[in-house]
Amino acid sequence: MQKIVPFLWFDGQAEEAVRLYTSLFRDSAVRSTGRYGDAGPGPNGSVMMQSFHLAGRELTALNGGPQFHFTPAVSFFVSCASEPEIDSLWRGLSSGGQVRMELARYPFSQKFGWVTDRYGLSWQLTLSGGETRVAPFFFFVGAQAGKAEEAMKAWTSLFPDSAIRQVERYPAGRGETEGAVMHARFALAGQEFMAMESSREHAFTFTPALSMFVNCETQDEVDRLWESVSAGGEKGQCGWVTDRYGVSWQIVPTVLGTLLGDPDRAKASRVMKAMLGMRKLDIRALQAARDS
């Protein structure tokens with residue numbers, strides 16, 4: 001099981017978006033589909049979420065409603081194996097979307113483009129010539145500019161098999177703060193992530209529309225991450241927290257999926273109702289709700 005799963009919040013378009021993404025990327029498929037029950041906020045029987053993978057990376061899409069919207073503060077950086085692959089991905093993702101940087105040659109890449117797709121999700125595509133990879137990319141701007149390195153150090157301290165692998169800094173004369181993070185790669189629980197920051201004015205920031213869902217094996221792990229990730233930030237409902245940098249996380253016990261997927265829909269409905277009333281998720285209380 002992937003430890004940290006990017007979690008995408010859609011307003012009724014999750015199925016459509018997942019269908020598009022899995023049609024475009026190699027080694028991609030829908031893994032599971034969950035539906036709303038009587039206790040859920042969505043219509044009974046409608047698709048609640050889908051788990052899927054792109055180029056081997058697991059993601060989750062939720063039909064959560066109109067509360068949150070994607071911004072370029074978190075995008076997906078796609079390293080493409082070949083020119084036909086990057087061209088095909090660009091055509092599919094840019095159709096009905098908005099181009100932020102044209103697909104072209106740049107000093108840092110022989111072929112690169114940045115696009116926001118028709119659902120508002122942002123993608124950065126680069127021709128690497130190696131294995132196709134998909135990595136979440138954090139863009140620290142506005143009040144978060146200058147905090148990228150601090151955030152990476154904080155995040156890598158929370159999970160085993162984590163490290164900052166590469167940091168490139170802005171030189172003088174680039175219109176940015178000299179020494180700030182121009183581009184960085186880091187690993188969390190063995191998975192690749194990227195980051196950069198900019199002191200220039202940008203009309204967006206991090207939102208809960210793209211959060212990081214953390215699979216926790218025990219209640220002790222839930223307790224530890226709930227407190228450490230939310231330190232200096234905010235604690236929300238149903239396992240959600242916002243850290244001090246404005247990034248949203250979900251601290252969730254792995255057993256929750258089993259409980260919500262119980263073939264006895266009355267039991268699953270009781271678990272859902274109990275979860276919706278919680279802040280930090282409590283494994284024993286969720287199990288008690290199932291068995292009540």
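Thresholds applied
Residues numbered from 1 in each chain as written. Predicted model: local features only at pLDDT ≥ 70, side-chain atom pairs only at ≥ 80, totals over all residues. Heavy atoms only, no water. Helix = DSSP H or I, 4+ residues; strand = E, 2+ residues; numbered from the N terminus. Rg over C-alpha atoms; globule rule 2.2 N^0.38 Å. Buried < 20%, exposed > 50% of the residue type's maximum accessible area, 1.4 Å probe, protein only. Contact = heavy atoms within 4.5 Å. Disulfide = S-S within 2.5 Å. Pairing = 2+ DSSP bridges. Axes fitted to C-alpha atoms, helices over the stretch in contact; angles between N-to-C directions. Phe/Tyr/Trp six-rings, centres within 6.5 Å; stacked < 30°, edge-to-face > 60°. Lys NZ or Arg CZ within 6 Å of the ring centre and 35° of its normal. Salt bridge = Lys/Arg side-chain N within 4 Å of Asp/Glu carboxyl O.

Caption draft 1: Highlighting the overall build of the protein. Looking only at helices and strands, the protein features seven helices and 16 strands. Relative to the globule expectation of 19 Å for 292 residues, the C-alpha radius of gyration of the protein, 19 Å, shows essentially globular dimensions. Burial statistics for the protein: of 292 residues in total, 51% are counted as buried. For the protein, contacts bridging at least 24 residues in sequence account for 62% of all contacts bridging at least 6.

Caption draft 2: Quick look at the state of the cysteines. According to the stated counting rule, one finds zero disulfides in the structure shown. Lacking any disulfide linkage, C238 is separated from the closest cysteine sulfur, that of C216, by 15 Å. The exposure class of C238 is buried, given its relative accessible area of 15%.

Caption draft 3: Region of the structure containing the sheet that holds strand β5 (residues 74–80). Spatial ordering of the open sheet is given by β6-β7-β8-β5-β9-β12-β11-β10, a layout of eight strands whose pairing is mixed. With partners counted over all chains shown, the strands left at the sheet margins are β6 (98–106) and β10 (163–169), one partner each. The average angle at which neighbouring strand axes cross in this sheet is 20°, direction not considered. Each of β5, β6, β7 (109–116) and β8 (122–127) is contacted by helix α2 (residues 83–94), which is oriented at about 15° to β7, the strand it contacts most. Across the face of the sheet, helix α3 (residues 148–156) comes into contact with β9 (133–140), β10, β11 (181–188) and β12 (191–197) while running at roughly 5° to β11.

Caption draft 4: Expanded view of the sheet that holds strand β3 (residues 47–54). Taken together, the eight strands give an open sheet; going across it, the order is β2-β3-β4-β1-β13-β16-β15-β14, and neighbouring strands pair in mixed fashion. Edge strands, defined here as strands with exactly one partner in the open sheet, are β2 (29–35) and β14 (234–235). Sheet topology places β3 next to strand β4 (residues 57–63); six bridges connect them, and they run antiparallel. Across the sheet, residue Q50 finds its bridge partner in β4, namely A61. In the packing of helix α1 (residues 14–24) onto the sheet, the strands contacted are β1 (4–10), β2, β3 and β4, and the crossing angle to β3 comes to about 15°.

Caption draft 5: Seen up close, the packing of aromatic side chains. Following the criterion strictly, the structure yields 27 aromatic pairs and no others. With a centroid separation of 5.9 Å and an interplanar angle of 75°, the aromatic rings of W9 and W240 are classed as edge-to-face. With W9 in strand β1 and W240 in strand β15 (residues 240–242), this pair connects stretches of sequence that are 231 residues apart. Neither W9 nor W240 differs from the other in exposure class; each is buried. Here the aromatic rings of W155 and F186 are separated by 6.0 Å at their centres, their planes lie at 35°, and the arrangement is tilted. Residue W155 is found in helix α3, and its partner F186 is found in strand β11; the two are separated by 31 residues along the sequence. Judged on exposure class, the residue W155 and its partner F186 are both buried. Feature note: the residues F138, F140, W155, F159, F186, F193, F206, Y245 and W249 constitute an aromatic cluster, connected by ring pairs. Its guanidinium or amino end placed over the ring of F193, R57 lies 5.0 Å from that ring's centre, counting from NZ or CZ. Here the guanidinium or amino end of R100 rests over the ring plane of W114, the centre of that ring lying 5.5 Å away.

Caption draft 6: Molecular detail of the pattern of salt bridges. Tallied over the full model, the rule gives 11 salt bridges. Through salt bridges with shared partners, a single ionic network connects E83, D87 and K111.

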